[in-house]
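Here's the letter readout for the chains.
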Amino acid sequence: MLRALRLLRPWRPLGVRGCTSDGTSGGHEIQVRALAGPDQGITEILMNRPHARNALGNIFVSEMLDALARLREDQKVRVLLFRSGVKGVFCAGADLKEREQMSAAEVGVFVQRLRGLMNDIASSAIMGLIETTRGLLPGAGGTQRLPRCLGVALAKELIFTGRRLSGVQAHALGLVNHTVDQNKEGDAAYHRALALAQEILPQAPIAVRLGKVAIDRGMEVDITSGMAIEGMCYAQLLTGKEDLVTRNRAHLGSPQIKKGLQLRGRLR
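Residues numbered from 1 in each chain as written. Predicted model: local features only at pLDDT ≥ 70, side-chain atom pairs only at ≥ 80, totals over all residues. Heavy atoms only, no water.

Draft legend 1. Representation of the environment of Ala188. For Ala188, the position within the fold is in helix H7 (residues 188-200). Among all residues touching Ala188, those that are not within four sequence positions of it are Val180, Asp181, Gln182 and Asn183. (Helix = DSSP H or I, 4+ residues; strand = E, 2+ residues; numbered from the N terminus. Contact = heavy atoms within 4.5 Å.)

Listed below in structure tokens is the structure:
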């Protein structure tokens, strides 16, 4: 059962840098809040651009990059959740209407920034790469990530056809890890994501971080090089990094971990 949320602080908007989206609303398109109590360590990013269905415009991307840069330096953040403030929509993709108003040079700069954002998020929760239906291609990394996720043949089929996938279809293909039935409030996916975050939260923080590094970096190279990367990450948990070892092992003394270890012992 999901626990009730207790907020450490309310939604906190980030300062907008010198970018122009439509500018019709004085509100912030990206907001951040941290959870408290048993969920301390989980931080949420709220995407709130309802008039454009959370499409990725200049202000949206700038505020998101700013948020990620700040949170990356925050040692208190253990798990990050992306949440939509627009009911029925997560993200509509790139803002093509805004792109039409850009010069070729501006488009190039924007696509580079968008690609950087996608590299930071590394999300596979895309239900369709429909750019070819608009005379474009998935220029924010879609032509590279999708083949690595699904294989070349299927990636070509999805990109060439611009096909949209349902959640069930995306799950069957391995594009998403979980599917849930929608609830009346329209936030069933958020609660599933929060439950997963709560599952990750009690694990040893340095081990989780280095596991992420080993996977992400290893996927960019051949298997032999990947094994070497894993070995270097593993070594940091054992030797040469006393501060890492101490913090990681000290985590095993927490009440949550002790309870889990006791339960595991009884099940063996």
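Further notes follow.
Draft legend 2. Summary view of unusual backbone geometry. At Arg53, a residue that is not glycine, the phi angle is positive and equals roughly 55°. Looking at where Arg53 falls in the secondary structure, it is placed in the loop between strand S3 (42-47) and helix H1 (58-72). For Asn54, which is not glycine, the phi dihedral falls at a positive 60°. For Asn54, the location among the structural elements is in the loop between S3 and H1.

Draft legend 3. Region of the structure containing the nonpolar core. Core analysis: the biggest nonpolar cluster contains 18 residues, and Ile30, Ile45, Phe60, Val61, Met64, Leu114 and Leu117 have the highest contact counts within it. Breaking this core down by element, the ones donating at least two residues are strand S2 (30-34), S3, H1 and helix H3 (104-121). The element best represented in this core is H1, accounting for seven residues. Core analysis: the second largest hydrophobic core is formed by ten residues, Ala155, Leu165, Ala170 and Leu175 among them. (Core = buried A, V, L, I, M, F, W, Y, C linked by side-chain atoms within 4.5 Å. Buried < 20%, exposed > 50% of the residue type's maximum accessible area, 1.4 Å probe, protein only.)

Draft legend 4. Representation of the pattern of salt bridges in the model. Applying the stated criterion to the full structure yields seven salt bridges. Between Glu44 and Arg33 there is a salt bridge, and its shortest N-O distance comes to 2.9 Å. With Glu44 in strand S3 and Arg33 in strand S2, this residue pair connects regions lying eleven residues apart in the sequence. Each member of the pair, Glu44 as well as Arg33, is classed as buried. Its salt-bridge partner being Asp95, residue Arg49 comes within 3.0 Å of it at the nearest N-O pair. Of this pair, Arg49 sits in the loop between S3 and H1 while Asp95 is found in the loop between strand S4 (79-84) and helix H2 (96-100), placing the two residues 46 residues apart along the sequence. Each member of the pair, Arg49 as well as Asp95, is classed as buried. Ionic contacts of the salt-bridge type, sharing partners, join the residues Glu29, Arg49, Asp95 and Glu98 into one network. (Salt bridge = Lys/Arg side-chain N within 4 Å of Asp/Glu carboxyl O.)

Draft legend 5. A look at the pairing of S2. With five of its five residues buried, S2 lies for the most part within the structure. The alternating pattern of S2 places Ile30, Val32 and Ala34 and Gln31 and Arg33 on opposite faces, both of which are buried. Judged from the five bridges that link them, S2 and S3 form a sheet pairing that is antiparallel. Along S3, the bridge assignment pairs Ala34 with Thr43. (Pairing = 2+ DSSP bridges.)

Draft legend 6. Main features of the confidence of the model for the chain. With 75% of its residues at a pLDDT of 70 or more, the chain has an overall mean of 77. The lowest-confidence element of the chain is helix H11 (residues 255-267), averaging 45 in pLDDT; the highest-confidence one is S3, averaging 93. Within the model, the stretch residues 1-9 combines pLDDT values under 50 with 25 contacts to residues more than four positions away or in other chains. Taken as a whole, residues 15-25 scores under 50 in pLDDT and shows 26 contacts with residues more than four places along the chain or in a different chain. (pLDDT = per-residue confidence, 0-100.)

Draft legend 7. Just the pairing of S3, in detail. For S3, the tally of buried residues reaches six of six residues, placing the bulk of the element in the interior. Here S3 shows two buried faces, one formed by Ile42, Glu44 and Leu46 and the other by Thr43, Ile45 and Met47. With six bridges joining them, S3 and S4 adopt parallel strand pairing. Within S4, the residue paired with Met47 across the bridge is Ser84. Assessed by its sense of winding, the connection that carries the chain from S3 through H1 to S4 is right-handed. (Right-handed = clockwise from strand over helix to strand, strands pointing away.)

Draft legend 8. A look at the packing of aromatic side chains. Inspection of every chain in the model, using the stated rule, returns zero aromatic pairs. It is Arg83 that lies over the ring of Tyr190; its NZ or CZ is 3.7 Å from the centre. (Phe/Tyr/Trp six-rings, centres within 6.5 Å; stacked < 30°, edge-to-face > 60°. Lys NZ or Arg CZ within 6 Å of the ring centre and 35° of its normal.)

Draft legend 9. Geometry of the packing of helix H8 (residues 205-218) against helix H9 (residues 223-238). Axis separation between H8 and H9 bottoms out at 9 Å; the angle between their running directions is 165°. Relative to H9, H8 is oriented roughly antiparallel. Taken as a pair, H8 and H9 cross one another with a handedness that is right-handed. Each of Ile206, Ala207, Leu210, Val213, Ala214, Arg217 and Gly218 in H8 lies in contact with H9, whose residues at this interface are Gly226, Ile229, Glu230, Cys233, Gln236 and Leu237. Looking at side-chain class alone, the contact of H8 with H9 contains eight nonpolar, three polar and two charged residues. (Axes fitted to C-alpha atoms, helices over the stretch in contact; angles between N-to-C directions. Parallel < 35°, antiparallel > 145°, perpendicular 65-115°, else oblique. Left-handed = near helix turned anticlockwise from the far one by under 90°. Nonpolar A, V, L, I, M, F, W, Y, C, P; charged D, E, K, R; others polar.)

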